[in-house]
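# Structural description and commentary
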Amino acid sequence: DHPMPDLVLLKTPTSLGLSRALAAEARGVRFLNGARATWRAHDKAAVVARLAASGLPVPVTYLTAGTPAPDAPPPERGGGWVTKPVRGVHGRGVAFHDRFPVIVEPPAGDDRSHVVDDGTRLVQQRVGDEAADLKVYVAGGRCFAGRKSFGPASFASDRIAPAPLDRETEEVVRAAGEVLH
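Right, let's walk through the structure included here.

Definitions and cut-offs
- Residues numbered from 1 in each chain as written.
- Predicted model: local features only at pLDDT ≥ 70, side-chain atom pairs only at ≥ 80, totals over all residues.
- Heavy atoms only, no water.
- Helix = DSSP H or I, 4+ residues; strand = E, 2+ residues; numbered from the N terminus.
- Buried < 20%, exposed > 50% of the residue type's maximum accessible area, 1.4 Å probe, protein only.
- Areas by Shrake-Rupley, 256 points an atom, 1.4 Å probe, with all protein chains shown as cover.
- Core = buried A, V, L, I, M, F, W, Y, C linked by side-chain atoms within 4.5 Å.
- Pairing = 2+ DSSP bridges.
- Axes fitted to C-alpha atoms, helices over the stretch in contact; angles between N-to-C directions.
- Contact = heavy atoms within 4.5 Å.
- Patch = residues over 30% accessible without salt bridge, like charges linked within 9 Å, V, L, I, M, F, W, Y side chains within 5 Å.
- Salt bridge = Lys/Arg side-chain N within 4 Å of Asp/Glu carboxyl O.

## Overview of the overall build of the chain
Scanning the chain from terminus to terminus reveals four helices and seven strands. From first element to last, N terminus to C terminus, the chain shows the α and β order α-α-α-β-β-β-β-β-β-β-α. The buried share of the chain, reckoned over its 181 residues, is 29%. In the structure as shown, the chain presents an accessible area of about 11200 Å², 54% of it carried by carbon and sulfur atoms.

## Regarding the nonpolar core
Among the nonpolar cores identified, the biggest contains seven residues, and these are Leu10, Leu18, Ala21, Ala24, Val29, Phe31 and Ala35. Here the element with the most residues in this core is helix H1 (residues 15-26); it accounts for three residues. Formed by five residues, the second largest nonpolar core is a distinct cluster that contains Tyr62, Ala69, Trp81 and Phe100.

## A closer look at the sheet that holds strand E3 (residues 95-97)
What the four strands build is an open sheet, ordered E1-E4-E2-E3; its pairing is antiparallel. Each edge of the open sheet is held by one strand with a lone partner, namely strand E1 (61-64) and E3. On average, each strand axis in the sheet is tilted by 25° relative to the strand beside it, whichever way the strands run. Here E1 runs beside strand E4 (residues 121-125); their pairing, made up of four bridges, is antiparallel. The residue bridging leucine 63 from the neighbouring strand is leucine 122, located in E4. Contacting E1, strand E2 (81-85) and E4, helix H3 (residues 44-53) crosses the sheet at an angle of about 45° to E4.

## Focus on a nonpolar patch on the surface
A cluster of nonpolar side chains, namely Leu7, Leu9 and Leu32, defines an oily patch on the protein surface of about 240 Å² accessible area. Position of leucine 9 relative to the elements: it lies in the segment before H1. What makes leucine 9 partly exposed here is its relative accessible area of 40%.

In structure tokens, the structure reads:
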């Protein structure tokens, strides 16, 4: 017998880990982010669609599967673009482009061992100039934010630097939480 934790932060992208979390929830273990919510959050295409449908701000987004999206802009359109696997996690498979990518392929040498990857990609217009991800957790009514930089091996690092969160962003985070809950 192991003592039951007070609260668990679920960080797994694997089917095994999510299945174990579901079983733990059934035994009464409390999660900051439950297994079902985590599974839904890993589907970036569905998340973007739900947020956009609710009127929340989302970047210009296209869905592609190795060939140009039928509604995509011409490849000469600049502005900076990010490609990512629809069910990727921890920055695996993320690539940055100066121009809209015509055909999207995973970065060479990228460890995608924890990515459910059928080749489907989101292509999103970059927001801001940083190659960083803002992560926000809400617990006990408070928002906690941190930035995680992306690089060739950033997926292997759990380093997140604390980041300030302005009032407007905090309101968007809370609204997104309501939409995605």
